[in-house]
Amino acid sequence: MFKRTFEADMETGKLRHKICNVLEMAAFFSICCLGLPACGRKADTEVRQIPDEAPALNDQNSKSGSMTEIVRFDDELDGYRPAKEKYNFYFTYKMDHPWWDAVAIGIEDAAKQYEAQGITIDYEYLAPSNVSAQDQIQRLSDASERNFDVIGVDVADVDQVTPAINELIKDGRKVMTFSSSDAAKEDGCERIAYVGNTHNYEDGSDLTEALCEKLGYQGKVALLVGTKGAPCHEDRALGAQNVIAKYQNMEIAEIEYDEDSVEKSYQFAQKILKEHPDLAGFICCNMCNPVGAARAVIEAGREKEIAIVGMDHDQEALGYLRDGIIYALGVQDCYSIGFDTVQVAVKIADGHLPGDVYPEKTEETTKIVYQDSAAAVLQSLYGEVE
């Protein structure tokens, strides 16, 4: 059987029990993400031309795509035959948060499919309650002293964590990165492989393009980033800033880092709304800040004036999307991130380097979801009926 360690409540197996219940209830995925096709996503980097006359604020009709394109939880193991009958993995990530619970569902599903083949996947899945690069470095150090086949890390800060990863590699440990934050070869990191979002910059660009179109390519917006130094948040913010810079009638009024906290993002949004009464929109770079921004906008009574775009599948955020308070959400395929992380870890443990058996970067997808699909997504993921 699987050994699961979750530090959040210090009760081994508690979250595993929750995950198993979710997997057994097809219509009620209480902590999971939107599953998307496992093929790589080609980011749309084509620059849109500003029309001669800026479009009016438009309603969203059918941009999200069908539900079969948005919600999937049916990944299957590839044809690779593991060399061993038992594996022991250690995975650590930025912070204890429902986003990574969704990744855990994919991890658990892959482990169960391996178990059906007679192969045991033991793993520990641990994170701090708040993002801390130093905490993550200590966890990696502690894990290196135990007999794990592979150590996986969702990088909290590239500059700080990369030296720790390189030291482990130098000492003969097998280290991979996963989730949404990689420390890549071009960053000087010697990690073996990465599974997750390889297009955070494009996600930020795509969401911001959608916002610009919604606003008629004019107006003042604010940027809520997340955690300083986290690659996924910084890349999305950079993509957003570069899009805004293209349009002479748009500007970024404020940039704030909320440290993946709904409460802090709410407080920042309150402050920004007071200081910029002419604000037209928020660009949100993680799963928490669309919720904080929406709460502040509702409190200010400016739902019809402010457009919000952001990331991922938070239940409250999807409710705001359904109600037209949030304009668009970019939802990552967390399930496949977790599922593929286990598959790649098995191959790394067997001694394979990136190449024919698996790529150096396994690219997962992001789908931008609009109001037209929000109610159906809520029902599929959370059993919520309008």
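In the block above lies the structure referred to throughout.
Below is a summary of the structure that appears in this document. (Residues numbered from 1 in each chain as written. Predicted model: local features only at pLDDT ≥ 70, side-chain atom pairs only at ≥ 80, totals over all residues. Heavy atoms only, no water.)

As for its position among the elements, Val-155 is in the loop between β3 (150-153) and α5 (158-170). For the pair Val-155 and Lys-94, spaced 61 residues apart in the sequence, the C-alpha separation amounts to 6.7 Å. Once residues within four sequence positions are removed from consideration, Val-155 is found in contact with Lys-94, Gln-136, Val-161, Ile-165, Thr-177, Ser-181, Asp-182, Ala-183 and Pro-231. (Helix = DSSP H or I, 4+ residues; strand = E, 2+ residues; numbered from the N terminus. Contact = heavy atoms within 4.5 Å.)

We now examine unusual backbone geometry. What is expected of a backbone is that most residues other than glycine have negative phi and most peptide bonds are trans. The backbone of Tyr-217 sits at a positive phi, close to 60°, despite the residue not being glycine. Mapped onto the elements of the fold, Tyr-217 is located in the loop between α6 (200-214) and β6 (219-224). Using a relative accessible area of 7% as the deciding quantity, one classes Tyr-217 as buried. (Buried < 20%, exposed > 50% of the residue type's maximum accessible area, 1.4 Å probe, protein only.)

A few words on helix α9 (residues 289-299). Within α9, 8 of the 11 residues are buried, which leaves the element mostly enclosed by the surrounding structure. Considered for burial, the residues of α9 that qualify are Asn-289, Pro-290, Val-291, Gly-292, Ala-293, Ala-294, Ala-296 and Val-297. The elements touched by buried residues of α9 are β6, α8 (262-275), β8 (279-284), β9 (307-311), α10 (315-322) and β10 (328-332). Immediately downstream of α9, the backbone of Gly-301 shows phi near 70°, a positive value.

What follows deals with the state of the cysteines. Throughout the structure, instances matching the rule amount to 0 disulfides. Free cysteine: Cys-284, not disulfide-bonded; nearest cysteine sulfur from Cys-285 at 7.4 Å. (Disulfide = S-S within 2.5 Å.)

Now for helix α3 (residues 98-116). Across its 19 residues, α3 extends 27 Å between first and last C-alpha, which sits within 8% of the 27 Å expected from 1.5 Å per residue. For α3, the buried fraction is high: 14 of the 19 residues fall into the buried class. In the segment just after α3, Gly-118 is the residue with positive phi, at about 85°. (Expected span 1.5 Å × (residues − 1).)

Okay, the sheet that holds β3 next. Strand order across the open sheet formed by 6 strands is β2-β1-β3-β4-β5-β11, with parallel pairing between neighbours. The sheet terminates laterally at β2 (120-126) and β11 (361-363), the two strands that pair on one side only. Across the sheet, the axes of successive neighbouring strands diverge by a mean angle of 20°, strand direction being ignored. With 7 bridges connecting them, strand β1 (residues 86-92) and β2 associate as parallel partners. (Pairing = 2+ DSSP bridges. Axes fitted to C-alpha atoms, helices over the stretch in contact; angles between N-to-C directions.)

Across all of its chains, the model carries 17 salt bridges by this definition. The salt bridge involving Lys-271 is made with Glu-256; its shortest N-O contact spans 3.1 Å. Highlighted residues: Lys-271 in helix α8 and Glu-256 in strand β7 (residues 250-256), separated in sequence by 15 residues. When its relative accessible area of 28% is taken as the criterion, Lys-271 is described as partly exposed. (Salt bridge = Lys/Arg side-chain N within 4 Å of Asp/Glu carboxyl O.)

For the rest of this paragraph, the subject is the pairing of β7. Note: β6 against β7, 6 bridges, orientation parallel. Considered in β7, the bridge of Val-221 is made with Ile-252. Crossover connection from β6 via helix α7 (residues 231-246) to parallel β7: handedness right-handed. (Right-handed = clockwise from strand over helix to strand, strands pointing away.)

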